[in-house]
Amino acid sequence: MDASDDIDPLWAPRSDALPGWFREALAVPREEGFIDVAGTRIHYFRWGDAKHPPILMTHGFLAHARCFAFIAPFMAGDHHVIAYDLSGMGDSANRPGCDAQARGAEMVGVAEALGLFDGRAKPVIIAHSFGASVGLTAMALAAERFSGLILCDMMVLRPDVLEARNRQGNGRPGSGDPNKPQRRYPDYPTARSRYVLSPPQPVGEPFLMDYMAFHSLRRAGEEWTWKFDPEVFRQDSAEQGWHEIGKRLVAVPGRKAIVYGAESLLFTADSAEYVRELGGTDIPIIAVPKARHHLMLDQPLALVTALRTILELWRTNENNCPTV
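Read on for a plain summary of the structure. (Residues numbered from 1 in each chain as written. Predicted model: local features only at pLDDT ≥ 70, side-chain atom pairs only at ≥ 80, totals over all residues. Heavy atoms only, no water.)

This part covers the pairing of strand S5 (residues 124–128). Counting buried positions over the 5 residues of S5 gives 5, a clear majority of the element. Burial of the side chains of S5 extends over both faces: Val124, Ile126 and His128 are buried on one face and Ile125 and Ala127 on the other. Bridge count between strand S3 (residues 54–58) and S5: 4 bridges; the pairing is parallel. Among the inter-strand pairings, Ile55 is bridged to a residue of S5, identified as Val124. Inspection of the sheet shows S5 paired to strand S6 (residues 148–152) by 5 bridges, in the parallel sense. Bridge pairing in S6 links Ile125 to Leu149. A crossover links S5 with its parallel partner S6, the connecting element being helix H3 (residues 130–142), and its sense is right-handed. (Buried < 20%, exposed > 50% of the residue type's maximum accessible area, 1.4 Å probe, protein only. Helix = DSSP H or I, 4+ residues; strand = E, 2+ residues; numbered from the N terminus. Pairing = 2+ DSSP bridges. Right-handed = clockwise from strand over helix to strand, strands pointing away.)

Close contact between helix H1 (residues 20–27) and helix H6 (residues 206–214) brings their axes to 11 Å; oriented N to C, the two are set at 35 degrees. Classified by chirality, the crossing of H6 by H1 is right-handed. Between H1 and H6, the residues in contact are Trp21, Phe22 and Leu26 and Phe207, Leu208 and Tyr211, respectively. Looking at the contact of H1 with H6 residue by residue, the class counts come to 6 nonpolar, no polar and no charged. (Axes fitted to C-alpha atoms, helices over the stretch in contact; angles between N-to-C directions. Left-handed = near helix turned anticlockwise from the far one by under 90°. Contact = heavy atoms within 4.5 Å. Nonpolar A, V, L, I, M, F, W, Y, C, P; charged D, E, K, R; others polar.)

This part takes up the pairing of strand S11 (residues 285–288). Bridge count for strand S10 (residues 256–261) against S11 is 4 bridges, and the pairing is parallel. Bridge pairing in S11 places Ile258 opposite Ile285. Regarding the hand of the β-α-β motif, the stretch spanning S10, helix H9 (residues 269–277) and S11 is right-handed.

Considering the arrangement of structural elements, one finds His80 in strand S4 (residues 80–84). Once residues within four sequence positions are removed from consideration, His80 is found in contact with Arg46, Trp47, Gly48, Asp49, Ala50, His52, Pro53, Pro54, Ile55, Leu114 and Leu116.

Positionally, Phe130 belongs in helix H3. When its relative accessible area of 8% is taken as the criterion, Phe130 is described as buried. A C-alpha to C-alpha distance of 18 Å links Phe130 and Gly109, two positions 21 residues apart in sequence.

Right, let's get into the state of the cysteines. Applying the stated criterion to the full structure yields 0 disulfides. Cys67 forms no disulfide, and the closest cysteine sulfur to it belongs to Cys152, at a distance of 8.9 Å. Given the relative accessible area of 3%, Cys67 is considered buried. Here Cys98 stays unpaired: no disulfide links it, and the sulfur of Cys67, its closest cysteine neighbor, is 18 Å away. A residue is classified by how much of its surface remains accessible, and Cys98, at 7% relative accessible area, is buried. (Disulfide = S-S within 2.5 Å.)

Spatially, the 8 strands line up as an open sheet ordered S1-S2-S4-S3-S5-S6-S10-S11, and their pairing is mixed. Looking at strand neighbours, the two that pair on one side only are strand S1 (30–37) and S11, the edges of this open sheet. Strand-to-strand, the axes of this sheet are offset by a mean angle of 20 degrees, without reference to chain direction. Along the sheet, helix H2 (residues 100–113) contacts S1, strand S2 (40–47), S3, S4 and S5; its crossing angle with S1, the most-contacted strand, is approximately 120 degrees.

The next subject is the nonpolar core. Residues Trp11, Phe22, Met57, Ile71, Ile126 and Ile150 are the most contacted members of the largest nonpolar core, which totals 109 residues. Sequence-distant contacts of Phe22, defined by excluding residues within four places in its chain, comprise Ile7, Trp11, Phe70, Phe207, Leu208 and Tyr211. (Core = buried A, V, L, I, M, F, W, Y, C linked by side-chain atoms within 4.5 Å.)

Let us look at the packing of H2 against H3. As a packed pair, H2 and H3 sit with axes 8 Å apart at the nearest point and diverge in direction by 75 degrees. It follows from the interaxial angle that H2 and H3 lie roughly perpendicular. Contacts between H2 and H3 involve Ala100, Gln101, Arg103, Gly104, Ala105, Met107 and Val108 from the former and Phe130, Gly131, Val134, Gly135, Thr137, Ala138, Leu141 and Ala142 from the latter. In terms of residue class, the contact of H2 with H3 is built from 9 nonpolar, 5 polar and 1 charged. (Parallel < 35°, antiparallel > 145°, perpendicular 65-115°, else oblique.)

This is the structure:
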């Protein structure tokens, strides 16, 4: 099936006004389904031929897999692409007590359940923000089973810069009150007006903001509410983890690359220098011009180009490796 149902009149009253590249991307056939991973129902999308080299994609905190629904089709011609909703977010069920280790194991479990380890080529992980930290944990658990990890604008700041950010009242990724009831809104326009990005930013392609907002919500009778489960906030404090994320990024085994928004507040040119100072001199670091943290909403086609370039360079390097 294609993703034409994603274009709902509530968020796109004039579908013919949407850019051709977006409509063409959503017209690429995809599979949508659910799998069981350690007792939790996980929602996923699949594009491309299962015989092709696999890619496993996931999203940032409180987001959903559709942030890649208009990115993945550009890689589906020569890759088998999966994008999934982290547990407790999007259309996936919540996993009680889901700490960082459990999320990493969940990513490995998704790859297993969808057969991404069954072929000759190992899967590449492509993940954004909070999801990129999940990818790091998956690599720490099973680096030998993956071909590499592309981290898209994961927060990496020097500890003193992070401290200054926290003093300004900026919470760490994944922070929130698990005991606060999920808000309900009387109609879609009211709910849409409450959708904001974290950190707040304008977006280069406003229609993509509308697309993401619509699919972050669900109908609850006559009302609307968020898809994510507030229980996702009930996790061990990860504050020290974000202080150490740069060291962890460099230390985790396996091939890695970083793509970030050149105007991002969470990964900056100084972050790139910090990664290199920590020893990550072999990690390609690519800035997407005119993009902020939510780079797929700012410069989606430039992001596609960066991702395809990394994948092709890695493929070429593998093909040129001498055999013994």
